[in-house]
Amino acid sequence: MNKSLQFEHPVENLTSPLQQSFTLPCGLTIPNRIAKAGMSEQLGDRHGSPTVELEQLYAAWARGGAGLFITGNVMVDHHYFVEPRNAVLESDRFLAAYKLWAKAVHAHGGKIIMQINHPGRVAVLPLLKRPVAPSAVGLDLPAMNIIRVPRAMTEAEILEQIQRFATTAALAVQAGFDGVQVHAAHGYLISQFLSPLANIRTDGWGGSPEKRRRLLIETVRAVRQAIGPNKALSVKLNSADFQKGGLSQQESMDIALALEAEGIDLLEISGGNYESPAQLGYTPGKQTERDAYFLDYAEQLRRQSKMPLMLTGGLRKVDVMNRIVSDGVVDLVGMARPFAMQPNLAKQLFAGQSVNEPPQIPAIGYKPVDAYLQLAWHAAQFRRISSGRDPKPLGGLIRTVLAFGPRMGFNILTQH
Ligand SMILES: Cc1cc2nc3c(=O)[nH]c(=O)nc-3n(C[C@H](O)[C@H](O)[C@H](O)COP(=O)(O)O)c2cc1C
């Protein structure tokens, strides 16, 4: 870090809106407004326990001064994984390792919320098992799901998954996490239930907006019951699916208001899914505005809601971050990818530095492969940061594939 920048504008920086603390309704005080959004670290062991590498990654990030750390998605069910080497929390078997993970952040003054998730129809593992989903509707992506069209969940399976979210949440707070975030975005199980394209059920869990959101609302209730009123309950929600016939912005706004009525502590706003990855900036028909992808939605929601809001996706300009926090549009600014290149991001921004230009990550134009390249590229950075090395851009397609491809293959084959 450039030391001279650190002391250039000390008076201005001390009063920067991003440096003010913020207290959630549950009583949790976050020391500043910068949050690291969830990024799947793929640093669990083959049984789903957090590893020392994961703990060290978070210690490095926490030294970087952000106020809140939302973990990459932790699975609620060891039968279904988003990626190999996801952490899984469904019993007290790995609790000691989870405690170390939370402690790594607390030791540096940050707060940590565990994101909990079920992949539904996009489960990567087990490779040869049919994934479960609201309905037997595969992904609308060429060559995907030829052999992996999901099967519709029974009601008993839906109720079991709600219970699993609650169990994982209870264990998370037992391990010392400051709360949990229910992942209801990006096309995973709960987001699939919200989508009129993926959920074509005609029972009590689909068919109307209220029934499609029932899984989310019942999960939130069960999770609150499990963690009590003094731990943070957050939800990550799509502002829209950015697909014709998918979750619309209006319906998402109604869901957000329903979540406010449930008394959640923090809504993280995102958007998109595997078919339309708006969360990474690929928004159809909106290719010019690259900063703060979902800001319009946040502004609209803020007019109707007082609930704490975190905005994530393409936030890069510090003046925009300062403005939206000081105007009260959002309470926390979320960033994900910049933390892979700037582990000390918060300290750097407080010292007057900016978010670096995004690195070039190889892409071939076919979404599933590009998503894999993003994952591989970032996973390689997480390993570097965790072992005390500086992040280093990987040049070219071949290098990116080689940096993680063999490991990913090995991980898939050996995951328990
Ligand atoms: C490698 C990688 C892994 C991700 N894993 C998760 C995840 O586990 N949970 C989640 O909610 N979002 C995940 N995301 C999405 C980010 O949280 C965030 O919504 C997105 O990257 C946009 O924010 P950004 O522009 O600041 O990167 C991931 C993104 C990347 C690049």
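In the region of the ligand, 23 residues are neighbours, and Ala37, Gly38, Ala336, Arg337 and His378 sit closest. Counting residues per element, the shell around the ligand draws most heavily on helix H14 (residues 367-386), which supplies three residues. For the shell around the ligand, a count of residues per class yields seven nonpolar, 14 polar and two charged.

One finds Val180, Val223, Leu267, Leu311 and Val333 to be the most contacted residues of the largest nonpolar core, which totals 120 residues. Among the elements that line this core, the one with the most residues is helix H8 (residues 214-227), at seven residues.

Attention now goes to the pairing of strand E9 (residues 179-184). Along E9, six of the six residues are buried, which leaves the element largely enclosed by surrounding structure. Neither face of E9 is exposed, since Gly179, Gln181 and His183 on one face and Val180, Val182 and Ala184 on the opposite face are all buried. In this structure, strand E6 (residues 111-117) lies alongside E9, joined through four bridges in parallel fashion. Paired with Gln115 across the strands is Gln181, a residue of E9.

This paragraph deals with the pairing of strand E12 (residues 309-312). Of the two faces of E12, the one lined by Leu309 and Leu311 and the one lined by Met310 and Thr312 are each fully buried. As paired strands, strand E11 (residues 266-270) and E12 are joined by three bridges and run parallel to one another. Each residue of the ladder has a partner; that of Glu268, found in E12, is Met310. Note: E12 against strand E13 (residues 332-335), three bridges, orientation parallel. When the sheet's bridge partners are listed, Met310 is paired in E13 with Leu332.

This part is about the environment of His47. The topology assignment puts His47 in the loop between strand E3 (34-36) and helix H3 (52-63). The spacing of His47 and Arg383 is 336 residues in sequence and 19 Å in space, taken between C-alpha atoms.

Compared with an ideal rise of 1.5 Å per residue, which puts 20 residues at 28 Å, H14 spans 28 Å between its outermost C-alpha atoms and is within 8% of the ideal. Tucked into the core, H14 has its buried residues touching H3, helix H12 (338-341) and helix H15 (397-414). Downstream of H14 by one or two residues, Gly388 has phi in the positive range, about 85°.

Structurally, Thr167 is set in helix H5 (residues 155-174). Here the alpha-carbon distance between Thr167 and Ala226, two residues 59 residues apart in the chain, equals 7.1 Å.

Moving on to unusual backbone geometry. Here the bond from Leu125 into Pro126 is cis, since omega is -5°, no more than 30 degrees from zero. Within the element layout of this structure, Pro126 appears in the loop between E6 and strand E7 (132-133). At Arg85, a residue that is not glycine, the phi angle is positive and equals roughly 70°. The topology assignment puts Arg85 in the loop between strand E5 (74-75) and helix H4 (95-106). Here the phi dihedral of His186 falls at roughly 60°; this positive angle occurs in a residue that is not glycine. With 26 C-beta atoms counted inside 10 Å, the residue His186 sits in the buried group.

Attention now moves to the confidence of the model for the chain. Predicted confidence across the chain gives a mean pLDDT of 92, with 94% of residues reaching 70 or more. Contacts of residues 1-13 to residues separated by more than four positions or lying in other chains number 13 contacts, the stretch itself having pLDDT below 50.

Attention now moves to helix H11 (residues 318-326). Looking at H11, one finds that the buried residues are Met321, Ile324 and Val325. On an axial view of H11, the arc spanned by its buried residues comes to 100°, and they lie on one face. With respect to the buried face of H11, the exposed residues turned more than 90 degrees away are Asp319 and Arg323. Elements that come into contact with the buried residues of H11 comprise helix H10 (295-304), E12 and E13.

On to the packing of helix H9 (residues 249-261) against H10. When two helices pack together, their arrangement is given by the angle between their axes and by how far apart the axes lie. Interhelical geometry of H9 versus H10 gives an angle of 45° and a closest axis separation of 11 Å. Relative to H10, the element H9 is oriented oblique. Helix-helix and strand crossings are classified by hand; for H9 and H10 the assignment is right-handed. Only Tyr297, Gln300, Leu301 and Gln304 of H10 make contact with H9, whose side of the interface consists of Gln249, Met253, Ala256 and Leu257. Residue composition of the contact of H9 with H10, grouped by class: five nonpolar, three polar and no charged.

What counts, and at which threshold
- Residues numbered from 1 in each chain as written.
- Predicted model: local features only at pLDDT ≥ 70, side-chain atom pairs only at ≥ 80, totals over all residues.
- Near = placed C-beta within 6 Å.
- Helix = DSSP H or I, 4+ residues; strand = E, 2+ residues; numbered from the N terminus.
- Nonpolar A, V, L, I, M, F, W, Y, C, P; charged D, E, K, R; others polar.
- Core = buried A, V, L, I, M, F, W, Y, C linked by C-beta atoms within 7 Å.
- Buried ≥ 20, exposed ≤ 12 C-beta atoms within 10 Å, placed from the backbone.
- Pairing = 2+ DSSP bridges.
- Expected span 1.5 Å × (residues − 1).
- Contact = placed C-beta atoms within 7 Å.
- pLDDT = per-residue confidence, 0-100.
- Arc of directions from axis to C-beta.
- Axes fitted to C-alpha atoms, helices over the stretch in contact; angles between N-to-C directions.
- Parallel < 35°, antiparallel > 145°, perpendicular 65-115°, else oblique.
- Left-handed = near helix turned anticlockwise from the far one by under 90°.

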